[in-house]
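# Architecture and fold: a report
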Amino acid sequence: MDIDRIRAWGAEPATDVYDAQRTILYGLGIGLTPDGPDLDFVYEARLRAFPTLAVTLGAENFLRGERHGELDWSQVLHAAQSVEWHRPLPPTGRVVARSEVEAIVDRGAGRGALIQLARHLSDAQDGQPLATLRFTLFARGDGGGGFSFGSLDMPAELPATSPDDSLALPTRPDLAAIYRLSGDFNPLHIDPDAARRAGFDRPILHGLCSYGIAARALSTMLLDGACERLARLDVRFSAPVLPGDTLVTELWRTGEREARFRVRTRDVTVLDKGLVRWR
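So, here's what we can say about the structure. (Residues numbered from 1 in each chain as written. Predicted model: local features only at pLDDT ≥ 70, side-chain atom pairs only at ≥ 80, totals over all residues. Heavy atoms only, no water.)

### What to know about the sheet that holds strand S2 (residues 76-85)
- Spatial strand order, S1-S3-S4-S5-S2-S7-S10-S9-S8-S6: 10 strands in an open sheet with antiparallel pairing. Two strands bound the open sheet, and with one partner strand each, they are strand S1 (14-18) and strand S6 (165-170). Adjacent strand axes in the sheet meet at a mean angle of 25°, parallel and antiparallel pairs treated alike. (Pairing = 2+ DSSP bridges. Helix = DSSP H or I, 4+ residues; strand = E, 2+ residues; numbered from the N terminus. Axes fitted to C-alpha atoms, helices over the stretch in contact; angles between N-to-C directions.)

Okay, here's the thing in structure tokens:
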């Protein structure tokens, strides 16, 4: 694990431009369709940006860096994700992304390492903040060097009671092939050989695709579809999702504008210890 190169990730601000086609492609990649209220997310004449589009913005330089050798990227998994929205995303725009590595936790020889990064998105025109993203990578093939700094954000356990509500959303068998066009071209999600090398029977769905689907379910259950009211969404990725799975989002209402949640499929919890807040 090349610590110096990892700590330099995102040291230079990056500018990212997204147009209607990119916004629509992202919507299709998280399973939105031209039916009913979803039409606004996939039709340029009345376009709205689904909030979790933020996870793709300012990420291109980082994703291109995956082949630079800092880590064994064939063994890297996305462990956790958080987004805090400071205002709704416009349907098209130009953003400035400033990134930093906040923590590296070496879990010891044979146990991998955790890396927490933050990305701050602002509007390139007026300089106002749009969203703050934090994500944690689990580098299963690295660690053991004894180097750590910073501390990780650790989500709290879910309530021990039964969920207050749930919603099941199916996924298409080809959804990973669509979602990857939003910028994450890791072959783990499309190449059977790459998936087997990583320890999976077949390609798995992107964690951030499942994250967007969970946001869809929560917006339906809590906000009557007014997804622009989302203010924060945290989750831990706990098991892989396969394209074609039906994702069941279960939630607990824990405050006036706060709920906890998890996502399950095939009797397995795949997104865990979730937190959602809204305006």
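### A closer look at the packing of aromatic side chains
- All told, the structure shown has two aromatic pairs when counted by the stated rule.
- With centroids separated by 6.0 Å and ring planes inclined at 65°, the aromatic side chains of Tyr-26 and Tyr-179 adopt a geometry described as edge-to-face. Of the two residues, Tyr-26 is situated in helix H2 (residues 20-29) and Tyr-179 in helix H5 (residues 175-179); the sequence distance between them amounts to 153 residues.
- Residue classification places Tyr-179 among the buried positions, given a relative accessible area of 3%.
- A centroid spacing of 5.5 Å and a plane angle of 70° characterise the contact between Phe-41 and Phe-50, whose relative ring orientation is edge-to-face. (Phe/Tyr/Trp six-rings, centres within 6.5 Å; stacked < 30°, edge-to-face > 60°. Buried < 20%, exposed > 50% of the residue type's maximum accessible area, 1.4 Å probe, protein only.)

### A few points about the environment of Gln-116
- On the secondary structure map, Gln-116 appears in strand S4 (residues 113-123).
- For the pair formed by Gln-116 and Arg-260, sequence separation is 144 residues and the distance between their alpha carbons is 22 Å.
- Residues in contact with Gln-116, not counting those within four places in the same chain, are Glu-100, Val-101, Glu-102, Ala-103, Arg-134, Phe-135, Thr-136, Ser-151, Leu-152 and Asp-153.
- Of note is the side chain of Gln-116, whose polar atom sits 3.0 Å from the backbone nitrogen of Asp-153. (Contact = heavy atoms within 4.5 Å. Polar contact = N/O pair within 3.5 Å; in protein donor to acceptor, adjacent residues only side chain to side chain.)

### A word on the pattern of salt bridges
- A complete count under the given rule lists 16 salt bridges for this structure.
- The shortest N-O distance in the salt bridge between Glu-228 and Arg-48 comes to 2.8 Å. In this pair, Glu-228 is assigned in the loop between helix H7 (207-223) and strand S7 (230-237) and Arg-48 in the loop between helix H3 (39-42) and helix H4 (60-64), connecting sequence segments 180 residues apart.
- In this structure Glu-228 comes out as partly exposed when scored by relative accessible area, which is 26%.
- On the basis of relative accessibility, which here comes to 22%, the residue Arg-48 falls in the partly exposed class.
- Between Arg-134 and Glu-102 there is a salt bridge whose closest N-O contact spans 3.0 Å. Taken together, the residues Arg-134 in strand S5 (residues 129-139) and Glu-102 in strand S3 (residues 93-106) connect sequence positions 32 residues apart.
- One salt-bridge network, held together by shared partners, links Asp-40, Arg-46, Arg-48 and Glu-228. (Salt bridge = Lys/Arg side-chain N within 4 Å of Asp/Glu carboxyl O.)

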